[in-house]
Every structure is written in C-alpha cells, then in structure tokens.
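Chain and residue survey
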Amino acid sequence: MDIIISSNTSKPIYEQITSQIKAMIMNGDLQTGDPIPSMRSLAKSIHVSVITVQKAYEDLQRDGFIETTVGRGSFVSAQNRDFMQEELQKKVEEHLNLAVETARTGGIKLEKMIELLTIFYTEE
Amino acid sequence: MKGLLANNLYSMQENIKLSLYITLPMAFVPLLEASMISMIVAMQVFMFISNMGASLKMDETSGWNKWEITMPVSRKTIINAKYISFILLILMGLAVSLVTVVLLSLQNEFNDTLIFGYSYGLPLSISTAAIAYPLILKLGAEKSDTLLITAGGLSVGLQLLVWYLLHLSDSTITYRSPVVGQVSLAIALVMFVLSYFLSVRIHRNKEF
Amino acid sequence: MTYSLEIKNLTKTYPQSDFRLDNVSFSIPRGTIMGFVGENGSGKTTTMNAVLNTIKKDNGTVKILGREMGDKDTDIREQVGVVFDAVNFSGILTPAKLAKVMAGVYKQWDQEFFLKTTARFNIEMGKKIKQFSRGMTMKLALAVALSHRPQLLILDEATAGLDPIVREEILGVFLEFVEDENHSILMSSHITSDLEKIADYITFIHHGKVILTEKKDHLIYDYGIARCKAEQFQLIDRTDMMAYKKRDYQIDVLVENRKAFERKYSGIVVDTGTIDEIMLLLIKGER
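So, how was this worked out
- Residues numbered from 1 in each chain as written.
- Chains lettered and ligands numbered in written order.
- Predicted model: local features only at pLDDT ≥ 70, side-chain atom pairs only at ≥ 80, totals over all residues.
- Heavy atoms only, no water.
- UniProt positions renumbered as here; feature names shortened; annotations may be inferred.
- Helix = DSSP H or I, 4+ residues; strand = E, 2+ residues; numbered from the N terminus.
- Buried < 20%, exposed > 50% of the residue type's maximum accessible area, 1.4 Å probe, protein only.
- Pairing = 2+ DSSP bridges.
- Right-handed = clockwise from strand over helix to strand, strands pointing away.
- Phe/Tyr/Trp six-rings, centres within 6.5 Å; stacked < 30°, edge-to-face > 60°.
- Contact = heavy atoms within 4.5 Å.
- Axes fitted to C-alpha atoms, helices over the stretch in contact; angles between N-to-C directions.
- Patch = residues over 30% accessible without salt bridge, like charges linked within 9 Å, V, L, I, M, F, W, Y side chains within 5 Å.
- Areas by Shrake-Rupley, 256 points an atom, 1.4 Å probe, with all protein chains shown as cover.
- Salt bridge = Lys/Arg side-chain N within 4 Å of Asp/Glu carboxyl O.
- 1 Å grid on protein atoms, 1.4 Å probe; cavity = no way out; pocket = protein on both sides within 12 Å on 5 of 7 lines; lining within 4 Å.
- Points joined across faces, edges and corners; volume = space filled by probe spheres on them.
- Buried area = accessible area lost by both parts, 1.4 Å probe.
- Domains from an automatic or database assignment.
- Polar contact = N/O pair within 3.5 Å; in protein donor to acceptor, adjacent residues only side chain to side chain.
- Nonpolar A, V, L, I, M, F, W, Y, C, P; charged D, E, K, R; others polar.

Now for the UniProt feature "domain: ABC transporter" (unreviewed entry) in chain C. Residues annotated by UniProt as "domain: ABC transporter" (unreviewed entry) correspond here to residues 5–232 of chain C. Across residues 5–232 of chain C, the secondary structure splits into 34% helix and 28% strand, with the terminal C-alpha atoms separated by 43 Å.

Rendered as structure tokens:
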C-alpha cells in the first residue's frame, strides 16, 4: 500500500490520506475485508501525527469505506459499493460539468455533445 | 541505590585512579625515612576524600543532579548513596595506608608515630567530608574547591581546639597524644552523622 | 478521556524574580504528542521542572498517569522518561557504564532494547560521554529515557541544535513510541516544523501563562491569518479576531475559522498559518 504525502499542496494531510485510500478501494487495489494499517503504524510510517491519521480514518469510516473493530484493526468495508457508486458518479458529474461549460463557451450544441459522448462510451 | 552508588563511583573513577597513582608510591617513602610514616599515612587517608569535589562539580555541570531527581529513587536515597560513597573513599585511603604499614613492618622498623598518622588523618577526612558536602549542596558545586579547602582548614582547626581544651585540663597532653586523636575522631563521627541529616534536609528543599 | 498528564492551575513564584508560572493548565490525552511552545524564558522548562518535582510548586495539581507524584512515589517515575536540555549524565561515564547505573535504578530497565537503540543511533558504547557531540548526547539521553520502558516522555528541547537528518530520525522514534496507544509525549521545542509534523496538540505559553491549547490540525488547517487593508480591518467584528498585528501596509488578523471568516468577509485574503506565525500573533499581536 502506497500513500504519498505532499507538503506542497494546500490539501490537508488527512484529505490526502482519505482520497488515496478511497482511490485504492475504488480501483480494486484494496478489496472488501482487506486490512489497512493501524492508525498509529500508518502515522509512524508516513511521519505524521496520530490525530491526523485518526481524522482521516474517521472520515473513511463515516463514509462507509472502512470498518474499525476494537482489537482487530481496520478493514475495507463490505457495504461500500453504494458509496463508491456515489463517489464515482460525483466524479463523472464533475467532469461532465466541465465539458458542458467548455461546450457552452465554445458554442458547441447539445446534440453534438450527446453524439460525442455516445461514441466515447461505446468505443471499446 | 545500587545504580546510584555505581554512578558515584564511576564518576569518581578518574580521581580515584589519580589518588592511587599519588598515594601508592608514597608507601615506599617510610622505607627510606621511617619517621615520615605518620605524615604519609595521614596524607594517604585524606587523599581520596579530598578529591570528591571534582566529581560533584561534574555532576552539577552535566545536569546529572537534576536528572537524578526524575529517577525512581527518593531524594533521601540520593543522599544515602553520596554518604556511602564518602565512606568508601575513606576506606580506600585506609586500604592504601595499610600497604604502607605492611611494607614498613617487613622492615621491622615500627615506631609509635604511626598511630598519630591515623588519629590525625582519619578525623581530618571524616570531618572534612562532613563539613564540605552540606556546604556544597547549599552553595553550589562550582565553589567546591574553596569549600573543600575551607572544610579542611576547619577540620585542622577543630583538632587544634580539641588539643587546646584537653591541654587546659591536663598539661601533659600534647598535640600528638592519642587521646586528642580519639576525641577528634569521636567528634568527627558525630559531625558526619549530623552532616548526613543536614544534607537530607537541604536536598529535600533544593530546587534544580 | 484518560490523560497521561493533567496540569491544573500550576503556580510557581520566585522571591528574587518577576517571573512566575501563573495558573498553568493543560492536559495530554493518552496516546498523543503535545508540543509545548513559547519564547525563551516563557516558562516551558519551569513547568516541566514542577511536573517532575525538581522544583517545588506553590500551588496547583499535577497528575501523572492519573496520580499526583510525591518524592516517595518512585513507581510513577519508573513510567516517566525524561530528557533535559543538558548532557544529563556525568561526562566521565561511557554509555556502557551508564547502562549499568540505569539497570541498578530502574526495575524495568531493558538492556536489550538499550543496545538495539544505541546501535541504531550509532552510539559508541565505550566512548566517554563528554567526548560526544550534542546530537550524540541527545540521542543517548533519548535511548536511556526509552529503555526503561516509560509510558510518558517529557522532553525539553530534545531536538535543539541537531541537524535535520538526526531530527528526522528522532521524530521517527517518537512516532514509534506513540504507536502504543498508552504512550504519550510532552515536548518543548523551538523548531515548530518538527511539531507540525508529529504533534497532535500544541500548547502556547507566554510570560508564564498558557495562552492556548489546541489540536495541531485545527491550528494549521482551520485557523487562518487574514491579510487586511486598514479599511477592511475597520469592518471586522472584534469577536471574529483572536489577535491582530499592524504592519506597514497591512494588518494581519488571526482568525479561528478561516472558511467561516472568508464567507463572512468576502474580499479579504485569508492564509493558513504556520505554528510560528500563529505564535507570533498570539504573543506579539494586540487583542
């Protein structure tokens, strides 16, 4: 498991942790039931304070990505499909929104966009 | 306690070695001049304890005196260890002086000035430690040299005083009379015990 | 929540000096690292001394691992590892001899751990401590403090004067220490970038008074420094500013909630602050 912490971004460290773990779950690097490192060992490994990792894990838990059981540690949660779906859809919406805005400023019609989208989606 | 004693002895190690280098060769002097024995013995007994200042100074500058308080020992234990170390130093002086005595006895040239060496050196060592340590605790180890010399001077003065008082009651008593040594030794021992209680009290209220 | 260290209304005065510890209170939750910051002479060392009984407090309570510690409570001191801003040990000793001393004092002395830690730090066991560099001395003191297996570490400027590589190494050791959730650290440091990395909480002390204790993440992500023009400054509600400092062309205002402030006062730039900047405003700024 790789987690890369950059101190050169304005993104708080706990968000860097949550987004990377979410990404790993969504792209299948981490499977349901897979253990993730304990807060304290992750804090040690990436040289950040315990509370920072704690906050990241709390967020992940709240969003249903991980489960923590006392004494056994944290695991990738089983019921994260819906949340994943939601997260992914949010991402798609974001990108589409961007495309729509670009299209509007460029005067590209909706029909053209649908056409393009259909081509892209069915291409493979 | 064991650890504290070890620390005290380790930190005095260099001074102990130095004292050995000085006092051991001295053991041969009476072989050449037997009348020197009392002076040599007195010096040997006194040499080890007189070096206590250096390690006390080191313990203060290094911050050990403060760090020591954070260890799982009571303040009283710290003082106990110090006084046991002083006794050990005096015993080391005695041990070296015994070498001198044994060497001289091989030559079979004993004289009664030997006892004066002990009756002078032993009370001097004990009362010097007894006076100096509480003063060093109170006034700081950086003044330990001055305080040790002062304590030594006071100890000599004390013996002179003892002799003077005894002389008043019995004019046959000289400075070298054994009774002067015996009384001085008794007083020095009492002072050592009092000094211990005083040091415990000073250390209990001392801030580091 | 259980605390490793609870300091309440700690007061200490000195007869010949104006300096005093004035009702110092803060607590360290178990399993966390508390950074203790303030200028020289602000009272960090005095606070630590009072906690450790090397000086006598006038008033207040200090609980270490839930209990008040008197001279006789040696069992509590078994659980506390200490590094002061000094050599700490007699210079004539070698680490090997020091270990024997410690083994004779601490019931829980872990010789194997000490050997492992000193080897990791490249400490020469046979060399006299007085010949050690500052970095080596500190690493040795830390190895000793850790090797009696304490639950609480109290460190006074333990990373001061060390090069970045050694500091990084030592910070790693601290994080390793708190991997055990019963372990906590109180550390004072002028190198706030170290604290930004590993501390969970920060306590600011100034002129013997605690001015703020706060979660570090809260300080660096939520607190902010608003850079205002004079006319913008006039519009800000006093209750929205923690402290401010006038500079030549701008006024810096410390705010507790950067995002809320930005929403309320649009047009004012609000930066995140470092611990140093926040400390500067808290100490030197007006209120």
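This brings us to unusual backbone geometry. Residue and element names in this part refer to chain C. Look at R149: it is not a glycine, yet its phi comes out positive at around 55°. Note on R149: relative accessible area 40%, which makes it partly exposed. Even without being a glycine, E157 presents a positive backbone phi close to 55°. Positionally, E157 belongs in the loop between β7 (152–156) and α6 (164–177). A relative accessible area of 6% places E157 in the buried class.

Residue and element names in this part refer to chain C. By the criterion of burial, β7 is predominantly enclosed, with five of the five residues buried. Residues L152, I154 and D156 of β7 are buried on one face, and the alternating residues L153 and L155, pointing to the opposite face, are buried as well. Sheet topology places strand β6 (residues 80–83) next to β7; four bridges connect them, and they run parallel. In the strand pairing of β7, V83 is matched with L155. Pairing of β7 with strand β8 (residues 184–188) involves five bridges; the strand directions are parallel. In the sheet register, L155 faces β8, and the bridge partner there is M187. Chirality of the crossover, the property in question, places the unit of β7, α6 and β8 among those that are right-handed.

Next up on the list: the UniProt feature "transmembrane region" (unreviewed entry) in chain B. Listed under "transmembrane region" (unreviewed entry) in the UniProt record, and renumbered for this structure, are residues 20–49, 83–106, 118–136, 148–167 and 179–198 of chain B. Between the end C-alpha atoms of residues 118–136 of chain B there is a gap of 26 Å, over a span that is 100% helix and 0% strand.

Looking now at the packing of aromatic side chains. The geometry of an aromatic ring pair is captured by two quantities: the separation of the ring centres and the angle between the planes. All names here are of chain C. For the structure shown, the criterion picks out 19 aromatic pairs over all chains. Ring geometry for F26 versus F36: centroids 5.1 Å apart, planes at 50°, classification tilted. Of this pair, F26 sits in strand β2 (residues 20–29) while F36 sits in strand β3 (residues 33–37); the two residues are ten residues apart in sequence, bridging distant segments of the chain. Residue F26 shares its accessibility class with F36, and that shared class is buried.

When helix α2 (residues 39–46) of chain A is considered as a whole, its buried residues turn out to be R40(A), S41(A), L42(A), A43(A) and I46(A). Contacts from the buried residues of α2(A) go to α1 (13–26) and α3 (50–62) of chain A together with α6 of chain C. Within two residues after α2(A), H47(A) carries a phi angle of roughly 55°, on the positive side.

Sheets are built from strands that pair by backbone hydrogen bonding, the pairs being arranged parallel or antiparallel. All names here are of chain C. The strand order across the open sheet formed by four strands is β12-β13-β11-β14, and the pairing between neighbours is antiparallel. Lying at the two open borders of the sheet, with one neighbouring strand each, are β12 (243–246) and β14 (269–271). With direction set aside, neighbouring strand axes in the sheet form an average angle of 25°. With three bridges joining them, strand β11 (residues 224–228) and β14 adopt antiparallel strand pairing. Bridge pairing links I225 to D271 in β14.

This part takes up the sheet that holds β8(C). Residue and element names in this part refer to chain C. Spatial strand order, β6-β7-β8-β3-β9-β10: six strands in an open sheet with mixed pairing. Of all the strands in the sheet, just β6 and β10 (209–215) have a single pairing partner and so form its edges. When strand polarity is set aside, the average angle formed by the axes of neighbouring strands in this sheet is 15°. With four bridges connecting them, β3 and strand β9 (residues 201–206) associate as parallel partners.

We now examine a nonpolar patch on the surface. A contiguous nonpolar patch, built from L18(B), L20(B), Y21(B), I22(B), L24(B) and V99(B) and spanning about 520 Å² of accessible area, is present on the exposed surface. Residue placement: L24(B) occurs in helix α1 (residues 2–26).

If you roll a probe as big as a water molecule over the atoms, it shows you where there is empty space left. All names here are of chain B. Inspection of every chain in the model, using the stated rule, returns three cavities of 30 Å³ or more. Surrounding the largest cavity, 14 residues form its lining, E60, N65, K82, Y133 and L137 being those nearest its centre. Mapped onto the lining of the largest cavity, the elements with two or more residues apiece are α4 (52–61), α5 (64–69), α6 (75–106) and α7 (113–139). The calculated volume of the second largest cavity comes to roughly 50 Å³.

Turning our attention to the arrangement of the chains. Most contacts, compared over the two pairs of chains touching, are made between chains B and C. One finds no contact linking chain A with chain B; the least C-alpha distance across the pair is 27 Å.

This part takes up the environment of N9(C). All names here are of chain C. Mapped onto the fold, N9 is located in strand β1 (residues 3–13). Residue classification places N9 among the partly exposed positions, given a relative accessible area of 41%. Residues N9 and A96, 87 residues apart in the sequence, show an inter-C-alpha distance of 41 Å. N9 has contacts with N23, V24, S25, N59 and G60, leaving out every residue within four places of it along the chain.

A word on the interface of chain C and chain A. With 20 residues of chain C in contact, the opposing surface of chain A contributes 13 residues. Between chain C and chain A the total buried area reaches about 1300 Å² when both faces are included, carbon and sulfur atoms providing 56% of it. Area buried by chain C at its contact with chain A is led by L175(C), E179(C) and Y221(C), which between them contribute 41% of it. In this assembly, chain C and chain A are joined by one salt bridge. When the shortest N-O distance is used, the salt bridge between K44(A) and E179(C) registers 3.3 Å.

Our next topic: the domain arrangement of chain C. Residues and elements named next belong to chain C. Domain boundaries assigned for chain C yield domain 1 (3–218) and domain 2 (223–284). Its C-alpha centre places domain 1 at a distance of 34 Å from the equivalent point of domain 2. Across the boundary between the two partners, domain 1 contributes 14 residues, which contact eleven residues of domain 2. In this assembly, domain 1 packs against domain 2 so that about 1100 Å² is buried in total across both faces, 68% of it on carbon and sulfur atoms. The largest per-residue losses of area from domain 1 upon contact with domain 2 belong to T192, F204 and H218, which jointly make up 38% of the total buried on that side. At the boundary of domain 1 and domain 2, one finds one salt bridge. E39 is the partner of K284 in a salt bridge, and the nearest nitrogen-oxygen pair spans 3.2 Å. Taken together, domain 1 and domain 2 are joined by five residue pairs in polar contact (both at pLDDT 80 or more). Going through the elements one at a time, α7 (192–198), β9, β10 and α8 (216–222) are the ones with two or more residues in the side of domain 1 that touches domain 2. The residue makeup of the side of domain 1 that touches domain 2, split by class, is six nonpolar, four polar and four charged.

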